[in-house]
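Notes for the structure review
One letter stands for each residue in the lines below.
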Amino acid sequence: MSSYSPAETAEKSGFSIDTLRYYEKIGLLSGIARNASGRRVFSDNDLQWLGMLRCLRETGMPIAEMLRYSELARGGAETVRERLELLQAHDRRVEEQIARLREQQEHVKFKIGFYQGAVCEGAPV
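Reading the values: rules and limits
- Sequence positions are assigned chain by chain, starting from 1 and proceeding in written order.
- Only residues with pLDDT of at least 70 are given local features in this predicted model, and only at 80 or more are side-chain atom pairs given and counted; all residues enter the totals for whole chains, interfaces and linings.
- Side-chain numbers here rest on the full set of heavy atoms in the structure, without hydrogens or water.
- Helix and strand assignments come from DSSP, with helices taken as H or I runs of at least 4 residues and strands as E runs of at least 2, each series counted from the N terminus.
- Should any heavy atoms of two residues lie within 4.5 Å, those residues are considered in contact.
- To count toward a patch, a residue needs a relative accessible area above 30% and no salt bridge. Like charges then connect within 9 Å, nonpolar side chains (Val, Leu, Ile, Met, Phe, Trp, Tyr) within 5 Å.
- Per-residue and other accessible areas were derived by the Shrake-Rupley procedure at a 1.4 Å probe size, with only the shown protein chains allowed to occlude residues.
- Here, a salt bridge means any side-chain nitrogen of Lys or Arg that lies within 4 Å of a carboxyl oxygen of Asp or Glu.
- To obtain each axis, a line is fitted to C-alpha atoms, and for helices this fit is confined to the stretch in contact; angles are then taken between N-to-C directions over 0 to 180 degrees.
- Roughly parallel refers to an angle under 35 degrees, roughly antiparallel to one over 145, roughly perpendicular to one between 65 and 115, and oblique to any angle outside these ranges.
- Less than a right angle of anticlockwise turn of the near helix away from the far helix marks a crossing as left-handed, whereas a clockwise turn marks it as right-handed.
- Gly falls in the polar group here, along with every residue not listed as nonpolar (Ala, Val, Leu, Ile, Met, Phe, Trp, Tyr, Cys, Pro) or charged (Asp, Glu, Lys, Arg).
- Note on exposure labels: buried denotes an accessible area under 20% of the residue type's maximum, exposed denotes more than 50%, and partly exposed covers the range between, all computed with a 1.4 Å probe on protein chains only.
- In this description, one arc is meant: the one made by directions from the helix axis to the C-beta atoms.
- Residues belong to one nonpolar core when they are buried, are Ala, Val, Leu, Ile, Met, Phe, Trp, Tyr or Cys, and are joined through side-chain atoms within 4.5 Å.
- A pair of strands is treated as paired once DSSP finds two or more bridges between them.

The protein chain has the name MerR family transcriptional regulator in an unreviewed UniProt entry, where Actinomadura napierensis is given as its organism.

In structure tokens:
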């Protein structure tokens, strides 16, 4: 298994070093190993977990809910149902957000068409 410095982990995960520290401090990252001089050393498993955290964050999951998910994940097999329910609820919110964005995109496309027509006709807008 590979090990990565905080800088390498930041580069690979897309999170800043400050965010990695913050996530560890609040409990989103747990069990981060330390080397002989006390510096954090991240593993491939840590990078995988950070990938999940990035996915949840970029799809709009609040930190408090991410913390709940992290807590459940550490709970092992007995929390699978709760994790499933949490992720299903989040997925429904993501679907709703996508639908709202599609509606808004239609407005944007309408304006693009309007301006393209104006440009082609040479008319002032």
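With respect to the helices and strands, the residue Leu67 is situated in helix H4 (residues 63-74). For the pair formed by Leu67 and Arg92, sequence separation is 25 residues and the distance between their alpha carbons is 19 Å. If we skip the residues at most four places from it in the chain, Leu67 touches Ile26, Gly27 and Leu28.

On the surface, Phe110, Phe114 and Tyr115 cluster together into a nonpolar patch covering about 350 Å² of accessible area. Looking at where Tyr115 falls in the secondary structure, it is placed in helix H5 (residues 80-121).

Another point: the packing of H4 against H5. Two elements in contact, H4 and H5, have axes whose closest approach is 9 Å; the angle formed by their N-to-C orientations is 150°. Considering the angle they form, H4 stands roughly antiparallel to H5. Here H4 and H5 pass one another in a crossing that is left-handed. Across from Glu65, Arg68, Tyr69, Leu72 and Ala73 in H4, the residues of H5 making contact are Glu82, Arg83, Leu86, Leu87, His90 and Arg93. Looking at the contact of H4 with H5, its residues break down into 5 nonpolar, 1 polar and 5 charged.

With that out of the way, let us pick up helix H2 (residues 17-26). Residues of H2 that are buried include every one of Leu20, Tyr23 and Glu24, and no others. Taken down its axis, H2 places every buried residue within 100° of arc, on the same side. Facing away from the buried side of H2 by more than 90 degrees, the exposed set consists of Asp18 and Lys25. On the buried face of H2, the contacting elements are helix H1 (6-13), strand E2 (33-34), strand E3 (40-43), helix H3 (44-58) and H4. Immediately beyond the C-terminal end of H2, within one or two residues, lies Gly27, with a positive phi of roughly 100°.

Membership of the largest hydrophobic core comes to 18 residues, with the highest contact counts inside it found for Leu20, Tyr23, Leu29, Leu50, Leu53 and Met66. Residue assignment for this core shows that the elements contributing at least two residues are H2, H3 and H4. For this core, the element with the highest residue contribution is H3, accounting for 4 residues. Filtering out sequence-adjacent residues up to four positions away, Leu53 remains in contact with Phe15, Tyr23, Leu28, Leu29, Met66 and Ser70.

Spatial ordering of the open sheet is given by E1-E3-E2, a layout of 3 strands whose pairing is antiparallel. A single partner strand is all that each edge strand has here, and the edge strands are strand E1 (3-4) and E2. By the bridge criterion, 2 bridges tie E2 to E3 in an arrangement that is antiparallel. The residue bridging Arg34 from the neighbouring strand is Arg40, located in E3. Sheet strands in contact with H3 are E1 and E3, and its direction is about 75° off that of E3.

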